[in-house]
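Examining the three-dimensional arrangement
As a plain string of letters, each chain reads:
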Amino acid sequence: MPKMLHTGQVIIDLVMAVDQLPQIGGDVLAQSAAFEAGGGFNVMAAAVRNGLPVVYLGRYGSGRFGDLARQAMNAEGIHIGIQTPAQRDTGICVALTDASAERSFISYIGAEGEVTWEDLNSVTAEAGDYVYVSGYSLLHAGKAQALLDWTLALPDAINVVFDPGPLVESPDLALMRALLPRIDVWTSNSVEALRFTGAADIGAALDRLAEHLPQDVLLVVRDGPQGCWIQQAGERRHVPGFAVNAVDSNGAGDAHAGVFVAGLARGLEAHEAARRANAAAALAVTRWGPATAPGAAEVDGFIREYCGD
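Just so you know, these numbers come straight off a predicted model, no measurement behind them. Within every chain, residues take consecutive numbers counted from 1 along the sequence as written. Under the rules for a predicted model, residues below a pLDDT of 70 receive no local features and side-chain atom pairs below 80 are neither given nor counted, while totals for whole chains, interfaces and linings still include all residues. To obtain the side-chain values, all non-hydrogen atoms of the structure were used and water was disregarded.

**Here's the deal with the sheet that holds strand β7 (residues 103–108)**
- Only strands joined by at least two bridges in the DSSP assignment are considered to pair. Helix numbers and strand numbers start at the N terminus; a helix is a DSSP run of H or I with at least 4 residues, a strand a run of E with at least 2. Spatial ordering of the open sheet is given by β3-β2-β6-β7, a layout of 4 strands whose pairing is mixed. Of all the strands in the sheet, the pair left with one neighbour each is β3 (32–39) and β7. Pairs of neighbouring strands in the sheet enclose a mean axial angle of 25 degrees, with direction left out of account.
- With 6 bridges connecting them, strand β6 (residues 92–97) and β7 associate as antiparallel partners. Axis lines are fitted through C-alpha atoms, for helices just across the contact stretch, and the angle between N-to-C directions can take any value from 0 to 180 degrees.

Here is the structure:
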C-alpha cells in the first residue's frame, strides 16, 4: 500500500477553552487547558487511523516539547523518518477555542522549522506515495528551499498534496510559483482558497486555482458544515456535509485532509474519499482537542447511521 510522507511541522498545542477571547490588555479564565501534539500531527493521526501508513519527514526537538511530540507520534504508529533530534526544542501553539467553536492560534516555531536535503532523503519516496506539503513550510527560512528542491526532484509517480494553510495568501510568492506546477492534490478550506485567489466565491476560486495548477490537479475546497467541493479536469462536484452539534473546530480541516488522502490511497474515487472526509470532520468537531479524527470503523458506522447506508 502507498504511504504518506508528511513534510510539515509537528508542534505542541496548548489547548484552552474560553467563552470569548480577551480584549487587548484584558484577561479571561479558561474552562480547560492541556498540552497536545498538534500541527501536522493532526493530519498524520487522521491518515493512520484510517489505514494509511505515515512517515513524519520533519524535525522534532530536544526538550520537553520535543519529547511530547515524539511520544505522541510513537503512540499513533507514525514512523519518525528523521531520527536525530534538533538542538533546540519543538515549537508551541496557543490554541484558543471560544463558545462559537471557532479557534484562534498564536504559534512559535522551534526545531520543526528546520530541515535539510539530507534529512528529507532519510526515507525513500516510492511510486504511488503521497508527499504532503504544508504552506507553513514555505515560510520557514531554515526549511523552505531544501523542501522545495527535494519536492521538485520527486518522480512524477509520486503524488504531491499541498495544503496552503492560512498564511500563504497568494500564488505570487517565488517558492509558491515554483511549486504550483508540481502539485497533484490541493486541499484547503474556503477562506484559504478565496484569499489565495482573490475570488469572491468558491466557484470562482476553483476556476482560478485550476488556472494556476496542472491540468489534471485534484482540487478539494472545504466549506464547513456544507461539506466540500471537488474538481478535476473541469468536472466540479459538491459533496454534502453532515449536520452535527459542533463544540470545537480545531483540527477539523486536518481530519478531513488526512482521511481524504487515506481514501485516495485505498483506491476510492475522489467523491467517495471526500464523503468519508466530510464524515470524519463532522465527528472531529463534536470533540475537544486538535487530533480528534475518528478511525475508519467509526467513520463507516457514522455514515451508515446518518445515511442509512
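**Remarks on the side chain of Thr97**
- Examined against the element boundaries, Thr97 turns out to sit in strand β6.
- By definition, residues are in contact when any of their heavy atoms lie within 4.5 Å. In this view, Thr97 contacts Met16, Ala17, Val18, Glu102, Arg103, Val247, Asp248, Asn250 and Trp288; residues no more than four positions away in its chain are not counted.

**Re a nonpolar patch on the surface**
- Patch definition: residues with relative accessible area over 30% and no salt bridge; like charges joined within 9 Å; nonpolar side chains (Val, Leu, Ile, Met, Phe, Trp, Tyr) joined within 5 Å. Every accessible area reported is derived by Shrake-Rupley at a probe size of 1.4 Å, with residue values counting cover from the shown protein chains alone. Here, a salt bridge means any side-chain nitrogen of Lys or Arg that lies within 4 Å of a carboxyl oxygen of Asp or Glu. On the surface, Tyr136, Leu139, Leu167 and Leu173 cluster together into a nonpolar patch covering about 330 Å² of accessible area.
- Overall, Leu173 belongs to the partly exposed group, its relative accessible area being 33%. A 1.4 Å probe rolled over the protein chains alone gives each residue an accessible area, and that area as a share of the maximum for its type sets the label: buried under 20%, exposed over 50%, partly exposed in between.

**Overview of the nonpolar core**
- Working definition of a nonpolar core: buried Ala, Val, Leu, Ile, Met, Phe, Trp, Tyr and Cys residues. They are joined through side-chain atoms within 4.5 Å. By size, the foremost hydrophobic cluster in this structure holds 52 residues, and its most contacted members are Met4, Phe41, Met73 and Phe260.
- Examining the composition of this core, we find that 9 residues originate from one element, helix α9 (residues 270–284), more than from any other.
- Here Met4 is in contact with Val43, Ala47, Leu52, Pro53, Val54, Val55, Tyr130, Tyr132 and Val261, once residues within four sequence places are set aside.
- Counting residues in each nonpolar core, the second largest holds 37 residues, with Val133, Trp186, Val217 and Leu219 among its members.

**Thoughts on the UniProt feature "domain: Carbohydrate kinase PfkB" (unreviewed entry) in the protein**
- UniProt positions are given in the numbering used here, feature names are shortened, and annotations may be inferred rather than shown by experiment. Sites flagged by UniProt as "domain: Carbohydrate kinase PfkB" (unreviewed entry) map to residues 3–292.
- Summarising residues 3–292: 31% helix, 23% strand, and an end-to-end C-alpha distance of 21 Å.

**Topic: the packing of aromatic side chains**
- By convention, a stacked pair of Phe, Tyr or Trp rings (six-membered ring in the case of Trp) has centres within 6.5 Å and planes under 30 degrees apart, an edge-to-face pair has planes over 60 apart, and any other such pair is tilted. The final tally for this structure, using the stated rule, is 6 aromatic pairs.
- Each member of the aromatic cluster is reached from another via a ring pair, and the members are Phe162, Trp186 and Phe196.
- Here, a charge over a ring is recorded when the distance from Lys NZ or Arg CZ to the ring centre is within 6 Å and its angle to the ring normal is within 35 degrees. Above the face of the Phe35 ring, Arg64 is positioned so that its terminal group lies 5.5 Å from the ring centre.

**A short note on unusual backbone geometry**
- Despite not being glycine, Ala233 has its phi angle at roughly 50 degrees, a positive value.
- Residue placement: Ala233 occurs in the loop between β12 (227–232) and β13 (235–240).

**Structural notes on the sheet that holds β13**
- Strand order across the open sheet formed by 9 strands is β5-β4-β1-β8-β9-β10-β11-β12-β13, with mixed pairing between neighbours. A strand with exactly one partner marks an edge of an open sheet, and here the two such strands are β5 (79–80) and β13.
- Pairing geometry for strand β1 (residues 4–6) and strand β4 (residues 54–56), over 3 bridges, is parallel. Bridge pairing in β4 places Met4 opposite Val54.
- Sitting on the sheet, helix α6 (residues 190–197) touches β9 (159–163), β10 (185–189) and β11 (218–222), and the angle it makes with β10 is about 110 degrees.
- Across the face of the sheet, helix α8 (residues 252–265) comes into contact with β1, β8 (130–134), β9, β10, β11 and β12 while running at roughly 150 degrees to β11.

**Some thoughts on the environment of Glu192**
- With respect to the secondary-structure elements, Glu192 resides in helix α6.
- Using a relative accessible area of 9% as the deciding quantity, one classes Glu192 as buried.
- Taking the C-alpha atoms as reference points, Glu192 and Ser170, 22 residues apart in sequence, are found 9.5 Å from one another.
- If we ignore the near neighbours within four places in the chain, the residues touching Glu192 are Asp163, Pro164, Gly165, Pro166 and Arg222.

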